[in-house]
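# Descriptive analysis of the structure
Each chain, letter by letter, is given below.
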Amino acid sequence: MSSFATLLVSCPDRKGLVASLAQVLYGHGANIVDADQHTDTVAGQFFQRVHFDLSDLHTDRTSLESAIREVAARFDMTYRLTHSSAVKRVAIFVSKYDHCLYDLLLRHRSGELHCEIPLIVSNHEDLRPVAEQFGVRFEYVPVGKDDKPQQEQRALSLVREAGVGVIVLARYMQILSDDMLRAFEGDVINIHHSFLPAFVGGKPYHRAYERGVKLIGATAHYATADLDEGPIIEQDVVRCSHRDKVDDLVRRGRDLEKVVLARAVRAHLADRVLVYGNKTVVFE
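Residues numbered from 1 in each chain as written. Predicted model: local features only at pLDDT ≥ 70, side-chain atom pairs only at ≥ 80, totals over all residues. Heavy atoms only, no water.

### Here we look at the sheet that holds strand β7 (residues 137–140)
Strand order in this open sheet of seven strands is β7-β6-β5-β8-β9-β10-β11, and the pairing throughout is mixed. With one partner strand each, in any of the chains shown, β7 and β11 (232–239) form the two edges of the open sheet. Geometrically, the sheet is characterised by an average inter-axis angle of 15 degrees between neighbouring strands, direction not taken into account. (Pairing = 2+ DSSP bridges. Helix = DSSP H or I, 4+ residues; strand = E, 2+ residues; numbered from the N terminus. Axes fitted to C-alpha atoms, helices over the stretch in contact; angles between N-to-C directions.)

### Observations concerning the packing of aromatic side chains
Here the structure, examined in full by the defined rule, presents three aromatic pairs. Plain terms: the ring middles of Phe47 and Tyr276 are 4.5 Å apart, the flat faces sit at 45 degrees to each other, and that makes the pair tilted. Residue Phe47 is located in strand β3 (residues 45–53), and its partner Tyr276 is located in strand β12 (residues 273–276); the two are separated by 229 residues in the primary sequence. As far as the burial class goes, Phe47 and Tyr276 line up, both buried. A centroid spacing of 6.2 Å and a plane angle of 70 degrees characterise the contact between Tyr102 and Phe134, whose relative ring orientation is edge-to-face. On the criterion of sequence distance, the pair formed by Tyr102 in helix α3 (residues 99–109) and Phe134 in helix α4 (residues 128–134) is long-range, its members being 32 residues apart. Exposure remark for Tyr102: the relative accessible area of 27% places this residue in the partly exposed category. Among the residues examined, Phe134 registers a relative accessible area of 15% and is labelled buried. (Phe/Tyr/Trp six-rings, centres within 6.5 Å; stacked < 30°, edge-to-face > 60°. Buried < 20%, exposed > 50% of the residue type's maximum accessible area, 1.4 Å probe, protein only.)

### Looking at the layout of surface pockets
As a volume, the largest pocket reaches approximately 620 Å³. In terms of lining residues, the largest pocket is bounded by 29 residues, among which Tyr172, Met173, His192, His193 and Gly201 are the most central. Looking at side-chain class alone, the lining of the largest pocket contains 14 nonpolar, nine polar and six charged residues. There is about 530 Å³ of room inside the second largest pocket. Forming the boundary of the second largest pocket are 25 residues, of which Glu185, Gly186, Asp187, Tyr222 and Val275 lie nearest the centre. Those elements that place two or more of their residues in the lining of the second largest pocket are β4 (78–83), α6 (178–183) and β12. A total of four residues in the lining of the second largest pocket trace back to one element, the largest contributor, which is β4. Residues that form the lining of the second largest pocket fall into these classes: nine nonpolar, eight polar and eight charged. (1 Å grid on protein atoms, 1.4 Å probe; cavity = no way out; pocket = protein on both sides within 12 Å on 5 of 7 lines; lining within 4 Å. Points joined across faces, edges and corners; volume = space filled by probe spheres on them. Nonpolar A, V, L, I, M, F, W, Y, C, P; charged D, E, K, R; others polar.)

### A look at the nonpolar core
Ile92, Leu105, Ile120 and Leu261 are the most contacted members of the largest nonpolar core, which has 34 residues in total. Considering every element that reaches this core, the biggest residue donor is helix α8 (residues 246–269), with seven residues. Excluding residues within four positions of it along the chain, Leu105 makes contact with Ile92, Ile117, Ile120, Val130, Phe134 and Val136. One finds Val9, Leu17, Leu21 and Val24 within the second-largest nonpolar core, a separate group that totals 22 residues. (Core = buried A, V, L, I, M, F, W, Y, C linked by side-chain atoms within 4.5 Å. Contact = heavy atoms within 4.5 Å.)

Here it is as structure tokens:
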């Protein structure tokens, strides 16, 4: 996989976009393996994901990237080019709930998540044995009302020292500061235990029970300064009934949470997500 690259593009929609990118890649000897595109006709925006093989490149990667920059400037494109050889490093933040953490670590062990997980950060000691079971470094960073800024800076230092580029909040029951989110803008994935925008904030299952809903859900989204309002990556729902108590909703919801979070993390790692405004395009 080291010879593959992925190009994500967004720009105002106009004629010639697809052809121009394809010609540049072909002209340098890159072989397009997969290409997907979407046009938002309301916003007048074009989005494309191109996955290509570099093994028969006629030139070098620097020349190819320069040619892509020229096309991007001509069409007013915002783009991101990533190479499969640059494996993303992920830190998982957790509190006491273990279901999402276990699921991510098992999927990683099985090879389903193409990344490295060098670090788990938690504000409780409860899940240290899980980290030890999988051989992942565990750092206990307790957070109190009086020392939250200092402890968050410590967590940020740990993440940077580990060379992490993606943070996954796997039921981490703390709100990250604006400074922390800015440091990893677009690379912090959170799982919220409701079908957003319904029941933002705390205890959504309790509020869903009180409201008598017939569907509960889970939402994976990019964390932003606006609590539970970041761009949505993945969602799913399950039916419930008047017979379900709060504990039943929690049990059903946890099954959803881990699956939805895993889908979102997998999409992000595969460079299949483009953010525009407060929305996303998630390519198959």
